[in-house]
Amino acid sequence: MPLEKASRWESFFATMITLPIIGHAVLVSLLVRTVGRDEWLAVLITTPLAAALVYAIWRVRKEDPQATFPALAKKLLGRPLGFVLTLVLALYLLFLSMSSIAFLVDFIQISFFPETPTFALVLFFALFCLYAIFKGTKVILQTAIVLGISSLFTGSTVTMMSSPMKDFGEWLPFLEFGLKPVGLGVWVVLSMWAELLFLLTLPFEDTNPPVYLKLWIISIAINAFMTITPTMGVISLFGLGFASMLTYPTEETTRIIHLFIVDRFDIYGLMLMTFGTYIRTTLYFRLGFDLLFPPKQKQVRSTFLRIVMALLFALLAGIAYLIAKQHVRVEQILLLYTLCGALILLPFLLLVILWIKNKLAARQIALKTS
Amino acid sequence: MKIHSLLLIALSLLLSLPLTGCWSSLELRDAAIVSGLGIEKVKRQTYRLTVEVISGKNTQGSASANKSNRILFTKSGHTVLSIERNMIRDVKRRLIFTHAKSLVISDQVAKEDLFWLLDTWVRDQQPRLIAYLFVTPDSVEEVLEQSSANQTSASAEFPLSTGAENIRFISNYTTPTILEFLKNLFEPTNTAYLPMLRIKSAQSGQIVEYSGTAVINHDHMVGELNTKQTQGLVWLINKEMGGAIDTFSPVTHRRQALEVTGEKTDMHTLFAHNRLLVHFAVHLKGTVAEDATGQDMDQPAANREMEQAIAKQAQDILCDTVRTLQHQKTDLLGVGLHIYRTHPKLWHKLQSHWDEAFAHAKITTRVDVVIQHPGLIRSIYPHLPLSVPSISLPK
């Protein structure tokens with residue numbers, strides 16, 4: 001399969017449609033229970049860290065913008081360590097893909113179709129995803145632009161429609177339980193920012209790398225805003241006490257809104273969750289697969305690789321099915337997801353190694369010339 | 001290439017087919033749409049559930065055209081789910097609660113086991129949190145039966161919730177949705193209120209009237225407020241959306257009425273010498289709805305006189321409400337919540353004995369009334385002399 005690169009807008013909208021699923025729907029219940037009212041503070045603290053993260057990713061990527069990540073990792077760390085890093089990243093992306101299916105199916109079963117068998121939901125969704133996976137990263141990224149634009153503009157309608165019902169006094173008291181919950185919240189939100197590691201695996205299509213960084217920083221700001229508003233909105237609507245009892249609080253927000261002939265607006269929540277999960281599942285899977293089986297520049301379409309791809313995706317879908325069968329398993333996977341926040345250190349590590357290498361190279365050149 | 005295109009088309013059709021309906025779809029003819037529910041306690045751990053189902057029969061032009069298209073079904077059991085499923089044997093269709101907008105519970109259930117229904121109601125994905133919850137001391141079945149008697153067809157299916165949505169025209173009953181009710185209950189003070197329904201005999205028969213408010217403290221009903229006290233509660237918690245106050249002029253002893261168009265309440269709290277001091281400043285504004293004093297309502301003096309009379313009437317109502325709530329040791333006024341938000345350390349000191357602290361607090365009120373205009377006429381009485389109106393500076 002030929003090497004696929006991402007344009008700046010494709011990478012921007014990819015971050016705009018993948019991260020908000022976690023920040024908007026999946027993590028909200030956990031954030032309400034751990035941080036409570038001070039969630040906005042935890043997000044604000046992590047925002048500069050996320051900006052530093054994308055800078056580190058961009059700086060590492062800039063070293064060889066057109067190369068695949070395995071090649072880049074091998075260049076930086078050598079063959080054995082580069083392979084290990086590639087494997088870790090691939091497994092992480094495949095885990096994200098699998099967990100996305102589980103979160104979506106769990107969400108649908110609780111909020112909409114309690115009687116529909118889990119396998120029907122997983123199978124139906126997986127077939128759609130398989131088609132996109134076969135099409136490749138480029139097509140998925142281009143789809144993300146369309147879906148990202150629509151969700152960016154329609155998302156604010158929920159905020160506007162629910163505003164009259166909100167009691168902003170629920171934001172008080174500030175730091176009621178001190179800074180410890182904020183620390184926990186920082187850790188949880190960092191696990192969301194860790195997903196940006198997928199940008200490491202995307203070769204640049206544009207020849208002007210600085211524009212990528214500008215758009216990524218803008219994306220961080222918008223995502224931070226989109227992480228604060230649903231959690232604080234839920235607390236403003238339901239109060240902290242009742243909100244902490246809800247399994248999917250943001251979906252409950254859309255359930256109480258009605259718009260003219262649309263008696264319940266939760267269908268919008270379902271739509272957005274499905275769009276975002278579709279991109280998450282397919283993009284992360286395809287990127288993870290390409291790390292394990294790097295595409296060569298002039299490789300022709302390979303039936304064998306497609307079969308491997310389909311089998312691997314079927315395996316992940318099967319694991320997602322087993323997890324989604326019980327909500328407690330989904331909660332455990334969510335906790336595992338938050339632990340993966342430790343991977344946020346990887347780009348900084350690579351940046352340090354890159355800096356050391358450049359320093360050593362510069363010193364050697366200086367010695368030679370002298 | 002041709003096979004590939006054919007496969008693609010076949011796949012698209014295959015994936016589109018399930019989009020036409022869900023796995024567990026239910027045809028409308030197999031569904032019984034519930035518009036309201038009633039719960040009564042029969043004996044220990046046994047409850048009676050009454051559902052009103054929209055029948056869908058066309059009664060236009062018939063002798064019973066005034067009657068609503070609703071049928072009541074009743075069943076008893078231990079849990080909501082078992083009763084609801086067993087009811088299918090009577091109804092012959094699956095009950096659908098997505099459009100149920102009103103729940104009526106007996107005062108006994110409110111006093112003993114408020115969450116019996118709410119637990120299932122909130123867990124299930126069919127019912128809505130924006131439905132209304134009512135308490136009644138009368139028979140729940142009769143309340144549901146009579147609630148739509150003599151209703152026009154527009155509101156016959158959802159009479160109780162339709163009435164709740166007309167709160168902007170009258171403000172002596174409260175209309176919290178289940179969401180607002182649960183939100184209040186989950187606040188640190190653990191108090192809430194619910195509107196009450198009573199059956200009243202009228203010339204046309206029995207009618208169901210919104211009458212009073214149930215006072216909820218720590219998950220069960222501890223008392224109630226009458227209609228006038230409910231009016232005071234509405235003002236104190238800043239929920240006034242429109243209503244009326246009437247009084248008698250202290251000078252002429254003739255009736256006057258103000259149509260309230262807006263309200264704002266400010267609360268100030270102070271904790272000094274181990275005692276809580278609370279002051280409510282209520283600002284009401286409105287227009288003259290009726291004035292039998294015959295005065296020219298363009299004159300500042302007449303305006304002031306009516307404002308003072310209305311303010312005194314409102315003040316009496318507020319004092320009565322505060323007294324009753326303090327006697328019932330239930331803070332429905334948001335005092336505890338205000339302290340929790342602004343002085344959390346003080347709240348944590350008072351939390352364990354908040355009901356007592358509230359009961360012994362010194363709560364004062366002050367009412368300011370502003371008459372915006374007298375309406376289209378200054379006075380209906382023709383004995384008003386013609387004269388140039390005097391100009392005076394606004395207060």
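Residues numbered from 1 in each chain as written. Chains lettered and ligands numbered in written order. Predicted model: local features only at pLDDT ≥ 70, side-chain atom pairs only at ≥ 80, totals over all residues.

(A) Representation of the overall build of chain A in the model. Of regular secondary structure, chain A possesses 14 helices and 0 strands. Secondary structure elements of chain A occur, N-terminal to C-terminal, as α-α-α-α-α-α-α-α-α-α-α-α-α-α. On C-alpha atoms alone, chain A measures out to a radius of gyration of 21 Å, which is about the 21 Å that the 2.2 N^0.38 rule sets for 370 residues. With respect to the principal axes defined by its C-alpha atoms, chain A has extents near 70 × 50 × 35 Å. (Helix = DSSP H or I, 4+ residues; strand = E, 2+ residues; numbered from the N terminus. Rg over C-alpha atoms; globule rule 2.2 N^0.38 Å.)

(B) Here's a closer look at the UniProt feature "domain: Spore germination GerAC-like C-terminal" (unreviewed entry) in chain B. UniProt tags residues 211-375 of chain B as "domain: Spore germination GerAC-like C-terminal" (unreviewed entry). In the segment residues 211-375 of chain B, helix accounts for 36% and strand for 40%; the C-alpha atoms at its two ends are 30 Å apart. (UniProt positions renumbered as here; feature names shortened; annotations may be inferred.)

(C) Geometry of the interface of chain A and chain B. Taken together, the contacts link 20 residues of chain A with 17 residues of chain B. Mapped by element, the contributors of at least two residues to the side of chain A that touches chain B are helix H6 (118-135) and helix H9 (210-243) of chain A. Split into classes, the residues belonging to the side of chain A that touches chain B amount to 12 nonpolar, 5 polar and 3 charged. (Contact = placed C-beta atoms within 7 Å. Nonpolar A, V, L, I, M, F, W, Y, C, P; charged D, E, K, R; others polar.)

(D) Looking closely at unusual backbone geometry. Cis geometry marks the peptide bond from A:Leu172 to A:Pro173; its omega dihedral reads 0°. Relative to the elements of secondary structure, A:Pro173 occurs in the loop between helix H7 (137-162) and helix H8 (180-193). Its identity is not glycine, yet A:Leu175 carries a phi of approximately 50°, on the positive side. When you line up the elements, A:Leu175 lands in the loop between H7 and H8. Of note, the phi angle at B:Lys92 is positive, near 70°, even though the residue is not glycine. Mapping B:Lys92 onto the fold places it in the loop between helix H3 (88-91) and strand E4 (94-96).

(E) Quick look at helix H12 (residues 303-324) of chain A. Residues and elements named next belong to chain A. Taking 1.5 Å per residue, 22 residues should reach 32 Å; H12 reaches 31 Å between its end C-alpha atoms and fits that length. Those residues of H12 that sit buried are Met-309, Phe-313, Leu-316, Ala-317, Ala-320, Tyr-321, Ile-323 and Ala-324. For H12, the buried positions fall inside an angular range of 155° around the axis, keeping them on one side. In this structure, H12 carries Phe-304, Ile-307, Leu-311 and Leu-315 as exposed residues pointing more than 90 degrees from its buried face. (Expected span 1.5 Å × (residues − 1). Buried ≥ 20, exposed ≤ 12 C-beta atoms within 10 Å, placed from the backbone. Arc of directions from axis to C-beta.)

(F) Here's a closer look at the sheet that holds strand E12 (residues 275-291) of chain B. Residues and elements named next belong to chain B. Pairing in this open sheet of 4 strands is mixed, and the strands run E10-E11-E12-E13 from one edge to the other. Each of the sheet's edge strands pairs with one partner strand only, and the pair in question is strand E10 (243-248) and strand E13 (362-373). The sheet shows a mean angle of 40° between the axes of neighbouring strands, direction not considered. Sheet analysis places strand E11 (residues 255-272) next to E12, joined by 16 bridges and oriented antiparallel. When the bridges of E12 are listed, Gly-262 appears paired with Lys-285. (Pairing = 2+ DSSP bridges. Axes fitted to C-alpha atoms, helices over the stretch in contact; angles between N-to-C directions.)

(G) Representation of the pairing of E12(B). All names here are of chain B. The loop that links E11 with its antiparallel partner E12 comprises 2 residues; one of these, His-273, has a positive phi angle of about 50°. Note that E12 and E13 share 11 bridges and pair parallel. Within the sheet, the bridge partner assigned to His-279 lies in E13 and is Thr-364.

(H) Broad picture of the nonpolar core. Counting residues in hydrophobic clusters, the biggest one holds 194 residues, and the most contacted among them are A:Val122, A:Ala320 and B:Phe134. With 15 residues, the single largest contributor to this core is helix H5 (residues 79-111) of chain A. Formed jointly, this core draws a minimum of three residues from each of two domains, domain 1 (27-225) and domain 2 (228-395) of chain B. The residues touching B:Phe134, leaving out its near neighbours within four places in the chain, are B:Ser102, B:Leu103, B:Val104, B:Leu160, B:Leu194, B:Pro195, B:Met196 and B:Leu197. (Core = buried A, V, L, I, M, F, W, Y, C linked by C-beta atoms within 7 Å. Domains from an automatic or database assignment.)

(I) Local environment of the packing of H5(A) against helix H11 (residues 266-292) of chain A. Residues and elements named next belong to chain A. Two numbers describe how H5 lies on H11: the axes approach to 8 Å, and their chain directions differ by 160°. As the angle between them shows, H5 and H11 are arranged roughly antiparallel. Seen along the crossing, H5 lies across H11 with a hand that is left-handed. Per-class residue counts for the contact of H5 with H11 are 17 nonpolar, 8 polar and 2 charged. (Parallel < 35°, antiparallel > 145°, perpendicular 65-115°, else oblique. Left-handed = near helix turned anticlockwise from the far one by under 90°.)

(J) Up close: the environment of B:Thr293. All names here are of chain B. In this structure, Thr-293 sits in the loop between E12 and helix H11 (300-327). Through-space distance from the C-alpha of Thr-293 to that of Phe-248 is 9.1 Å; in sequence the pair is 45 residues apart. Aside from chain neighbours lying at most four places away, what touches Thr-293 is Ser-249, Thr-252, Arg-254 and Gln-256.

(K) Up close: the domain arrangement of chain B. Residue and element names in this part refer to chain B. Parsing chain B into structural domains produces domain 1 (27-225) and domain 2 (228-395). Taken together, the contact pairs 20 residues of domain 1 with 23 residues of domain 2. Broken down by secondary-structure element, the contributors of at least two residues to the side of domain 1 that touches domain 2 are strand E7 (191-202), strand E8 (205-217) and strand E9 (220-225). Of all the elements, E8 adds the most residues to the side of domain 1 that touches domain 2, at 4 residues. Taken together, the residues that form the side of domain 1 that touches domain 2 break down as 9 nonpolar, 9 polar and 2 charged.

(L) Up close: the confidence of the model for chain B. Across chain B, the average pLDDT comes to 85, with 88% of residues at or above 70. Listed scores for the predicted complex are pTM 0.88 and ipTM 0.85. (pLDDT = per-residue confidence, 0-100.)

(M) View of the packing of helix H3 (residues 39-62) of chain A against H9(A). Residues and elements named next belong to chain A. Between H3 and H9, the shortest axis-to-axis distance is 9 Å and the interhelical angle comes to 160°. Looking at the two axes, H3 sits roughly antiparallel to H9. Between H3 and H9 lies a crossing whose hand is right-handed. Between H3 and H9, the residues in contact are Glu-39, Trp-40, Val-43, Thr-47, Ala-50, Ala-51, Val-54, Tyr-55 and Trp-58 and Tyr-212, Leu-213, Trp-216, Ile-217, Ile-220, Ala-224, Thr-227, Ile-228, Thr-231 and Met-232, respectively. Of the residues that constitute the contact of H3 with H9, the class distribution is 15 nonpolar, 3 polar and 1 charged.

(N) How the structure looks around the pairing of E8(B). Residue and element names in this part refer to chain B. As paired strands, E7 and E8 are joined by 11 bridges and run antiparallel to one another. Along E8, the bridge assignment pairs Lys-200 with Ile-207. Linkage of E7 to E8, two consecutive antiparallel strands, is achieved through a turn of 2 residues. Sheet analysis places E8 next to E9, joined by 5 bridges and oriented antiparallel. What sits directly across from Thr-213, in E9, is Leu-225. Hairpin remark: E8 followed by E9, antiparallel, with 2 residues in the connecting loop; positive phi at His-218, about 50°.

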